[in-house]
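In case you want the letters, here they are:
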Amino acid sequence: MVFFKRELSPVEIFERALKDKQAARQRLTERLVVAERALEEKRVAAERLAKAGASNGQLDRAEAKMQAVEHKAKALRASVAECDEQIVLAERAFAEAVAQRDRDRAANEIEAVASAIEQAVPRFEIGAAALVDAVTRGRAALTEASRFAADVDDIRREVLSAAELICWELRTAATRTRAGNINVALLAPPEVRQLPAPETDRQMIYTLNPLTWREGEEVKRVPAFTMTALPKALLPLALAHQHVDYLNARRVQTLMHVHGSGPQQSEPTPDDPALVDLDALAAQPEETPRADVA
C-alpha cells in the first residue's frame, strides 16, 4: 500500500523550523555548560601548578589545555548567540504565518457569505418573477393587483442591485482582510441604480364614505364603497370614525355584493358635501364615531 505524505501548511513548516532551532540551541547550551565546567577546571589546575612552582614545561602544557578549552567555549558561545538570533527570526516567521492563516480563514468566511448571496439571488429572482406572474396572469386583474405586481418588480430590481453591491463590498473586505488591512489595488465599485424614496406604508381597506387626504403636494380623493390603499397613519382615525373597514369585515362582504369592490364610481368632487377630509378630521376634537353607509 502506498502512503502519500501530506503537504505541510506554512504554519506547520515555520513551527517545525522554530522547534528545530530551539532544540539546536538546547544542545549547544548543554555543550557550552560542559565546556565552561572544563574551562574552570583547567584554570584551577593551571593556577595550582603556578602556585606550586611547577616547571615551565608543565605550565606551558597547562596553559595550552586551558586555551584549547577556552577557544571551544568561545565558539560555543558564538553559536548560541547566533542560534538566538535565528530563533527570533523563526518566531517572527511563525507568528506571521499564524496571523496569515487566521486572516485567510476570516477572508474565506467573508467570501463564503458573498458566494451564498450570489447563489441565493437567482432563486429570489425566480420567486419574485413567479409572484408577479401569479398576480398578473388573470384577465380581470384589479388595479391594486397590478400596482402590487409593479411594486414587487421594483423591489426585485432593488434587491438585485443591492445584492451586487454587498457582494462587491464583501469581496473587497475579504481582500483587505487577507492582505492584513493594507492598501491594495481594488476595482471601482459597481454602479448602483439610485433607489426611489420609500413609498408611504399603506393598508388595503374598503371605504364607507367618500374620502380625501393629502400626501405632500398631492390631494387624494376616493369614492365610497371601493377598495383603496389608505396610508396607515390615517387608518386608526378612519376606523375609529367608521369611514372605512377591513376587507374581511362581514359588512364589507355584503357591501361588496351590493356596490362592488372596484373603483366603479367617479372620483368625488372637492365640493361634494359627503366628502370626509381625514386631515381636517385629525385636527378636530374627538367626536362620537358615526358612519353613513346608506
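All of these numbers come straight from a predicted model, not from anything done at the bench. (Residues numbered from 1 in each chain as written. Predicted model: local features only at pLDDT ≥ 70, side-chain atom pairs only at ≥ 80, totals over all residues. Heavy atoms only, no water.)

Another point: the overall build of the protein. Along its length, the protein carries six helices and six strands. Along the protein, helices and strands appear, N-terminal first, in the series α-α-α-β-β-β-β-α-β-α-β-α. Within the protein, the proportion of its 294 residues that are buried is 24%. Taking the intrachain contacts of the protein between residues at least 6 apart in sequence as the baseline, contacts between residues at least 24 apart amount to 70%. Surface accessibility of the protein: about 20000 Å² in total, with carbon and sulfur atoms responsible for 56%. (Helix = DSSP H or I, 4+ residues; strand = E, 2+ residues; numbered from the N terminus. Buried < 20%, exposed > 50% of the residue type's maximum accessible area, 1.4 Å probe, protein only. Contact = heavy atoms within 4.5 Å. Areas by Shrake-Rupley, 256 points an atom, 1.4 Å probe, with all protein chains shown as cover.)

A few words on the pattern of salt bridges. Counted under the stated rule, the structure contains 20 salt bridges. Among the ionic pairs, Asp277 bridges to Arg214, the shortest N-O distance being 3.2 Å. Of this pair, Asp277 sits in strand S6 (residues 276–277) while Arg214 sits in strand S2 (residues 211–215), and the two are 63 residues apart along the sequence. Here Asp277 falls in the partly exposed class, since its relative accessible area comes to 23%. Residue class for Arg214 comes out partly exposed when judged on its relative accessible area of 46%. Ionic pairing is found between Arg214 and Asp279, a salt bridge with its closest N-O pair at 3.5 Å. With Arg214 in strand S2 and Asp279 in helix H6 (residues 278–283), the pair connects residues that are 65 residues apart, well separated along the chain. Given a relative accessible area of 27%, Asp279 falls into the partly exposed group. Within this structure, Glu125, Asp153, Asp154, Arg156 and Arg157 form a network of salt bridges that share partners. (Salt bridge = Lys/Arg side-chain N within 4 Å of Asp/Glu carboxyl O.)

Of note, the phi angle at Phe225 is positive, near 60°, even though the residue is not glycine. Position of Phe225 relative to the elements: it lies in the loop between strand S3 (218–222) and strand S4 (227–231). Looking at Phe225, the relative accessible area reads 9%, which means it is buried.

Our focus in this paragraph is helix H1 (residues 10–52). Over its 43 residues, H1 runs 63 Å from end to end, which matches the ideal 63 Å to within 8%, given 1.5 Å per residue. Two residues or fewer after H1 comes Gly53, characterised by a positive phi angle close to 75°. (Expected span 1.5 Å × (residues − 1).)

The end-to-end C-alpha separation of helix H2 (residues 56–136) is 119 Å, in line with the 120 Å expected for 81 residues at 1.5 Å each. Along H2, the sharpest change in direction is near 25° and occurs at Ala120; proline Pro122 comes one to four residues later. (Bend = angle between axes of the 7 residues up to and from the residue.)

This part covers the environment of Pro268. Checked against the element boundaries, Pro268 lands in the loop between helix H5 (250–259) and S6. Taking relative accessible area as the criterion, Pro268 reaches 8% and is therefore assigned buried. Along the sequence, Pro268 and Ala224 sit 44 residues apart, while their C-alpha atoms lie 8.8 Å from each other. Aside from chain neighbours lying at most four places away, what touches Pro268 is Pro210, Arg221, Val222, Pro223 and Leu275.

For the rest of this paragraph, the subject is the sheet that holds strand S5 (residues 244–245). Pairing in this open sheet of three strands is antiparallel, and the strands run S4-S1-S5 from one edge to the other. The open sheet is flanked by S4 and S5, the only strands paired with a single partner. For strand S1 (residues 202–207) and S4, the ladder comprises five bridges, and the chain directions are antiparallel. Paired with Ile205 across the bridge in S4 is Thr228. (Pairing = 2+ DSSP bridges.)

In this section: the pairing of S1. In the sheet, S1 pairs with S5 via two bridges, with the strands oriented antiparallel. From the neighbouring strand, Thr207 faces S5, where its bridge partner is Val244.

Residues of the protein with pLDDT of at least 70 account for 84%, and the chain-wide mean is 82. Looking across the protein, the model is least confident in H5, with a mean pLDDT of 74, and most confident in S6, with 92. The low-confidence segment residues 182–188, where pLDDT is below 50, has 10 contacts with residues more than four positions distant or belonging to other chains. (pLDDT = per-residue confidence, 0-100.)

With respect to the helices and strands, Leu49 occurs in helix H1. For the pair Leu49 and Ala62, spaced 13 residues apart in sequence, the C-alpha separation works out to 8.2 Å. Setting aside residues no more than four positions away along its own chain, Leu49 makes contact with Ala54, Gln58, Leu59 and Ala62.

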